[in-house]
Every structure is written in C-alpha cells, then in structure tokens.
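# Fold and geometry: a report
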Amino acid sequence: MSDRLSVFKTYKLYVGGKFPRSESGRVYEVTDAKGKWLANAPLSSRKDARDAVVAARKAFGAWSGATAYNRGQILYRIAEMLEGRRDQYVAEVADAEGLSKSKAAAQVDAAIDRWVWYAGWTDKIAQVVGGGNPVAGPFFNLSSPEPTGVVAVLAPQESSLLGLVSVVAPVIATGNTAVVVASEKSPLPALSLGEVLATSDLPGGVVNLLSGRTAEIAAPLAAHQDVNAIDLTGADETLAKELEIAAADNLKRVLRPQPVDDADWSATPGIDRMTAFLETKTVWHPTGALGASGSSY
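Here is a short report on the structure shown in this document. (Residues numbered from 1 in each chain as written. Predicted model: local features only at pLDDT ≥ 70, side-chain atom pairs only at ≥ 80, totals over all residues. Heavy atoms only, no water.)

## Here we look at the overall build of the protein
Test applied: To qualify as a helix, a DSSP run of H or I must reach at least 4 residues; to qualify as a strand, a run of E must reach at least 2; elements of each kind are numbered from the N terminus. A radius of gyration in this sense is built from C-alpha atoms; the matching globule rule multiplies 2.2 Å by the number of residues raised to 0.38. Exposure categories follow from relative accessible area, calculated using a 1.4 Å probe and restricted to protein chains: below 20% of the type maximum is buried, above 50% is exposed, and the middle band is partly exposed.
In terms of helices and strands, the protein carries ten helices and twelve strands. Here the protein has a C-alpha radius of gyration of 21 Å; the compact-globule value for 297 residues is 19 Å, and the two agree. Each principal axis of the C-alpha atoms in the protein carries an extent, and together these give about 95 × 40 × 35 Å. Here the protein, with 297 residues, has 45% of them falling under the buried criterion.

The following block contains the structure:
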C-alpha cells in the first residue's frame, strides 16, 4: 500500500480568465450516477453571476473585433488542448453521466471534433448569411452579420461535456462572449474545461463558467441589463417561462429550450445556434452617377 495521501482536485469557477471560488464560500456535493461522492463544487451566487457579466462585457470589444480567422485558430487550439487531456475528460464524463469508458470516450471525441467544426465556420458564416442585396436604385446594399454581445448560456443538464461544447462553441465562434451556467448535477467536466480554455489563447472573459443551482444563477442573468441574449437549453419548462419573461425587460434575444427528444448532441450541428446570436447590419452606399453606359464605377 502507498503511504501517500490522495490529492483531491479542487474545482473552482472560471471568471475573467481566473479561477475564483464562489464569493459566498459555499459549495455543494457532486456525486456520480450511483450516488458516490466525487467532489465539492462551488455554489455560485448572484454576485458571481454579476462579476461574470462584467468580465464578459470587458472582453467583448477585443473578441468581437478580432479577425474571424484568428477566432478560428483559437477554437482549434481549444480542441488541441482538450485532445491532450483526453483521458482526464473521459474519466470525468464517465463518472458524471454513468457511462462506460468507451461511451464516455465517444462523447469526449465528439466534443473535440465539435470545437474543430466550429473553428472552421468562423470565417465562413458571414458569406453564408450575409452578402449583397439587389435594390432598385443607384446603391450598393450590403448585409453583414455582427455578434449580439454578452450571451448567458444555460448548459444542458444531461450532457456534461458534449452538450456544453455544443452550446458554447457557436456563441463564441461568431464573436459573442458567454456567461455559462454548467449542468447543476454534473458540473465537473465544465469546470475542468476552464483549465483548457485558460491555456488555449482564449482571452480571459470570453467564456466564464459558473456552477451551482441553475435557477438561482439564471434569474439574475435573465434580468441583467447588460446581458444581450440568453440560451435557455438547460432550463426546464417552468424555469424557462420565468426567465423568458425576465429577459423581455431589455429585449434580450431568447433561444428557447428544445424537447429532450430533439436534443441529440451527437448529431452534426447546423448553423442555427450561430445565427441565433447574430445581428444583421445593412449598409447602403451610392454607386455614383449612372449614365447610358452604366455606373461611373
């Protein structure tokens, strides 16, 4: 027998590129599918939620102003770092979701591939949803997508890593910043993801990860005047309705939760989650004098 003491992992929040404990000092027990204790996770407070919004807003200017190609490089780097720690995440997902090692490995591999998939979309989405519009007059009319701003994301409750990546990656791929509420019962893979984000060139504040009671954290985020949109994926029907009412106060964009049967996170995603948090800017520009031979340009 080894005479060494076990070194248990300390899970912390990820806010503004740092790893704070909850400002309240509270924690809650996280157990595996069989009820065995795994760790104590931070129990985030309203103050933690507000701090995360401040960090996300501070990071928004630089992140939205970065080139789409650069954002793609960073998302690909996240996939690289996640690949390097694959074994750790396989173990965490297996414990969190009660899966066999092989099924957990499939979930982790799919999460890595999901980062790569969205990395490839960062410099292509503008061509798909933007472009030139034909108008009756001597004008150029061009539409281009722009990020909405700070997005609050309630991660899926059942899919602790793949589902989480599937709702976070499209938000930041298009230039938004995110405040993410991890799965209440299985937050550990999400909190560990913060360690990957911190070492992957992603600027601090672009993604902020909170753990705790979903309803407790989501309420101040839905009502927050500096949150521009909210993804209600991880909310049940009753909570989603309450949050949608709160979100209407400052006209937040709201992405409603889908029925559980439709939430197949292993399916190839479309572009809906990217376009859900994009605004379209349309610019009119005169073409100049039009004569018999056509435009002066």
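## Topic: the packing of aromatic side chains
Basically, it comes down to this: Under the pairing criterion, centres of Phe, Tyr and Trp rings, with the six-membered ring standing for Trp, must be within 6.5 Å; the plane angle then separates stacked pairs below 30 degrees from edge-to-face pairs above 60, leaving the rest tilted. The criterion for a charge sitting over a ring is simple: Lys NZ or Arg CZ within 6 Å of the ring centre, and within 35 degrees of the ring normal.
For the structure on display, the rule yields four aromatic pairs. Between the aromatic rings of W117 and Y118, the centroid separation amounts to 5.0 Å while the plane-to-plane angle is 90°, which identifies the pairing as edge-to-face. Assessed through its relative accessible area of 1%, Y118 is described here as buried. Here a set of aromatic residues connected by ring pairs shows up, and it is made of W117, Y118 and W121. Between the NZ or CZ atom of K9 and the centre of the ring of Y11, over which it lies, the distance is 5.4 Å.

## Remarks on unusual backbone geometry
Positive phi is not limited to glycine here, since D201 has a value of about 75°. Within the secondary structure, D201 is located in the loop between α7 (188-198) and β7 (207-210). By relative accessible area, D201 is classed as exposed at 57%.

## Overview of α7
Counting buried positions along α7 gives nine out of eleven residues, so the element sits mostly inside the fold. Within α7, burial applies to L188, P189, A190, L191, S192, L193, G194, V196 and L197.

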